[in-house]
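Fold and geometry: a report
The lines below spell out each chain.
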There are 2 protein chains.
Amino acid sequence: MTTKSAINAERIQRAMRLGKAAETESGGLRYVRFVHDFEDITRGTVVLHDQAVYGYPPIGRLLALQTGLAKQLSGPFWLEEKVDGFNIRVVRAQSGTIALTRGGYVCPFTTDRLQDLLDMSIFDDQPDLVLCAEVAGPDNPYVESAPPFVAEDVKLFVFDMMRQNSPRFLPQNEKMALIRRYALPSVEIFGRFEVGDVAPISAILKRLDEEGREGVVCKEDSPRQRRTKHVTGSANLSDIRASVYSLLDLPPEYFTSRMLRLALFVEEQELADSESLNQRAGAAFLDGLTGAIRQYRREGRVAHRFRCRFRDPENARRLIRYLKQAAGHVQIVPRELEPDGDYWRLEFDRIYPSLNGLLSDWLAGEVVFD
Amino acid sequence: MTTKSAINAERIQRAMRLGKAAETESGGLRYVRFVHDFEDITRGTVVLHDQAVYGYPPIGRLLALQTGLAKQLSGPFWLEEKVDGFNIRVVRAQSGTIALTRGGYVCPFTTDRLQDLLDMSIFDDQPDLVLCAEVAGPDNPYVESAPPFVAEDVKLFVFDMMRQNSPRFLPQNEKMALIRRYALPSVEIFGRFEVGDVAPISAILKRLDEEGREGVVCKEDSPRQRRTKHVTGSANLSDIRASVYSLLDLPPEYFTSRMLRLALFVEEQELADSESLNQRAGAAFLDGLTGAIRQYRREGRVAHRFRCRFRDPENARRLIRYLKQAAGHVQIVPRELEPDGDYWRLEFDRIYPSLNGLLSDWLAGEVVFD
């Protein structure tokens, strides 16, 4: 059954000729990585020594809960928490257990810390298992926000499982049994619902919103495994707050679409306390921006400091190389790599040239014609 | 002196060949309009029967007051209010007194209402005068915001004067003398300042900000007539509030640049009450957007209703034709043209297809992949 989804050499060659797949060297490994979707193969799929690890597919976002559930799902579905972090797939490769990013690179940070994040003995029993998980917390190298329930460092939350050479997810009951049996850290599973259960789902979303949590993923309990996601108002504010430094580098609709989503959440959930919500919305923009201006005046540049811990300092260096290659015109500047107990603490800055250039002009008294 | 700046037929022909000027029919008149800058001729310049009415030049915007004043201006300057409305030039043409838009069209609304807005006898004495003015108030056909000191209808505020066939402004003392002599309505003139007068200017800006007024224009009291402008935090919020319906139709940096300007104003003016400011900033976005969503659910579409009054209903019809031609993909839908005392009241909607399309998809439960 699994072999029929294995990706044979002929398909790989064809994908590579079309620029859909490429030889990749990452984390000391050489493998083929699908850089774009190709036929039924999702971007981020990786082929390591004939082991195909399928990419995690994109999940459509519902903006209006009530109509959206009815339109997107048929029959019962599982409701799970969507955690605000970064998506990885953990697999056992010949060289050891590794964590792959959404795009199919070896994540030097997560791979380094896997032993802190979960009990990997599950791979001794199930070597072809693929754990799909979110890694989240304040000390991560990628995202500037963190869920409220991870106060320091990072934690890992399993939310799906696959097997090598198959793009399908394990059924929910099988996934839940493995989570229990191996005491795996997982996202919160709120239960099994019907599309008409708008009231209890709204109640869960309101609670998540109040607690500053990101949102939910609905997973149809059916062979077609249809999924959809919906986020809280808080999540939109958290995105804005976390990204004001990259205000000018993100796609322009980044901010406006989040404000619109927030407005839709407020309207649909009939959130009453609009004074405090307005205040939080304004603060999401302004606190970060006034902070950026003050930092510019003080230090001559605006930068976001990131911190994370490693077991092996070589992985910290690998992370920096990886970030530099992926950063585009954002500058990655390492600041410190120092022993810290059993770990090495890496600190680095992300510097956004667009915001720095603009503030440099503006604060020097230049004028703008608009 | 004025004749040397007259625009002769040869230059007009050259500009037309280069696509910089075009024959225009507007308000029942035929004339040449400069659709782009050409040599020293500003876009919006109009040539009517050998009378050249120069365009109003763009004014650079200061983002940081203290460094900006010192960098942009030398020597004393006049500080005047910048009023939140639309820019027009009032001139006496052979057919009568008309109001030209910034782009050089005859404004059917302002032209119709000129006799209500100022005493036009000044043109009997000074037929070649050009009055540069802002028309502002809630019942205007162009902008969705209004200054706090115009509670109904519109008012006109003169802020500069030119003469036909000259691109230069009249000196400040001459302008002020004419304003006094003819009791012309004008913007508030705060006085004559030096570039080091940051404290008193900041005090004026803070007061304007508290009163919800737009900002200031600084006019160097020198032959080079250099100008620069600076707006209050309130003005940025008012722009955002007024434009959320066109969220998806405006240039994407419209909103983010205003948030950044607001942050800079807050930081430079050391505005303390950030809680209320944050609340106002959030409300500027969210009140309008939640209102838009409610309107969509109620009426099946989002539209902004505009109202304005005319003396001659034919001018109302001209306005609608002008707006339709200028609106791009925004729809202009006339709703009512009814007698109202001595006037005709026009009501029309501006409908923004982008926001309507998005809400239509979202509220129907469609998903978005982002």
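Residues numbered from 1 in each chain as written. Chains lettered and ligands numbered in written order. Predicted model: local features only at pLDDT ≥ 70, side-chain atom pairs only at ≥ 80, totals over all residues. Heavy atoms only, no water.

The name given to chain A in an unreviewed UniProt entry is ATP-dependent DNA ligase, with the source organism recorded as Methylocaldum szegediense.

1. Points about the sheet that holds strand E16 (residues 343-351) of chain A
Residue and element names in this part refer to chain A. The cut-off we apply is this: Two strands pair under a simple rule: DSSP has to find at least two bridges between them. Runs of H or I in DSSP of at least four residues are treated as helices and runs of E of at least two as strands, each being numbered from the N terminus. Here an axis means a line fitted to C-alpha atoms, over the contact stretch when the element is a helix, while the angle between two N-to-C directions is reported on a 0 to 180 degree scale.
Pairing is antiparallel in the open sheet, where three strands are placed in the order E14-E16-E15. Edge positions in the open sheet fall to strand E14 (303-310) and strand E15 (331-340), since each of these has one partner strand only. Adjacent strand axes in the sheet meet at a mean angle of 20°, parallel and antiparallel pairs treated alike. Sheet topology note: the E15/E16 ladder contains nine bridges and is antiparallel. Residue pairing for E16: Val333 is matched across the bridge by Asp349.

2. Here's the deal with the interface of chain A and chain B
To keep things clear, this is the line we draw: We call two residues in contact whenever any of their non-hydrogen atoms come within 4.5 Å of each other. Summed over both partners, the accessible area (1.4 Å probe) lost when two parts come together is defined as the buried area. The term salt bridge refers to a pairing of a side-chain nitrogen on Lys or Arg with a carboxyl oxygen on Asp or Glu at a separation within 4 Å. Any N or O atom pair separated by 3.5 Å or less is treated as a polar contact, with the protein-specific requirement of one donor-capable and one acceptor-capable atom, and with residues adjacent in sequence counted only for side-chain atom pairs.
Counting from both sides, the interface comprises 53 residues of chain A and, opposite them, 53 residues of chain B. Around 4600 Å² of area is buried between chain A and chain B when both sides are counted, 68% of it from carbon and sulfur atoms. Our count for the contact surface shared by chain A and chain B stands at eight salt bridges. Along the contact surface separating chain A from chain B lie 16 residue pairs in polar contact (both at pLDDT 80 or more). At the level of elements, strand E5 (60-62), helix H2 (65-72), strand E13 (227-231), helix H8 (253-268), helix H9 (274-299), helix H11 (353-363) and strand E17 (367-368) of chain A are the ones that each hand at least two residues to the side of chain A that touches chain B. With 15 residues, the top contributor of residues to the side of chain A that touches chain B is H9 of chain A. Pairing geometry for E5 of chain A and strand E17 (residues 367-368) of chain B, over two bridges, is antiparallel. Within the sheet, the bridge partner assigned to Leu62 of chain A lies in E17 of chain B and is Val367 of chain B.

3. Notes on the packing of aromatic side chains
Test applied: Here the aromatic set is Phe, Tyr and Trp, taking the six-membered ring for Trp, and pairing holds for ring centres within 6.5 Å; pairs whose planes are under 30 degrees apart are stacked, those over 60 apart are edge-to-face, and all others are tilted. Exposure classes here rest on a 1.4 Å probe applied to the protein chains alone. A residue is buried below 20% of its type maximum, exposed above 50%, and partly exposed in between. Sitting over a ring, as applied to charges here, requires NZ of Lys or CZ of Arg to be within 6 Å of the ring centre and within 35 degrees of the ring normal.
In this structure the tally under the stated criterion is 25 aromatic pairs over all chains. Seen in terms of ring centroids, Tyr56 of chain A and Phe169 of chain A are 5.3 Å apart; in terms of plane orientation they differ by 50°. Their pairing is tilted. Note that Tyr56 of chain A is positioned in the loop between strand E4 (51-53) and E5 and Phe169 of chain A in the loop between strand E10 (155-163) and helix H5 (172-181), a separation of 113 residues in sequence. For Phe169 of chain A, a relative accessible area of 7% corresponds to the buried category. Between Phe255 of chain A and Phe285 of chain A the ring centres are 5.5 Å apart and the planes differ by 40°, which places this aromatic pair in the tilted class. Linking Phe255 of chain A in helix H8 with Phe285 of chain A in helix H9, this pair joins segments that are 30 residues apart in sequence. Across the pair, exposure class does not vary: Phe255 of chain A and Phe285 of chain A are buried alike. Directly above the ring of Phe306 of chain A sits Arg350 of chain A, whose terminal nitrogen or CZ lies 4.7 Å from the centroid. The ring centre of Tyr254 of chain B lies 3.7 Å from the NZ or CZ of Arg258 of chain B, which sits over that ring.

4. Comments concerning the pattern of salt bridges
Residue and element names in this part refer to chain A. Throughout the structure, instances matching the rule amount to 84 salt bridges over all chains. A salt bridge links Arg258 to Asp239, with the shortest nitrogen-to-oxygen separation between them at 2.7 Å. Residue Arg258 is located in helix H8, and its partner Asp239 is located in helix H7 (residues 233-243); the two are separated by 19 residues in the primary sequence. Residue classification places Arg258 among the buried positions, given a relative accessible area of 11%.

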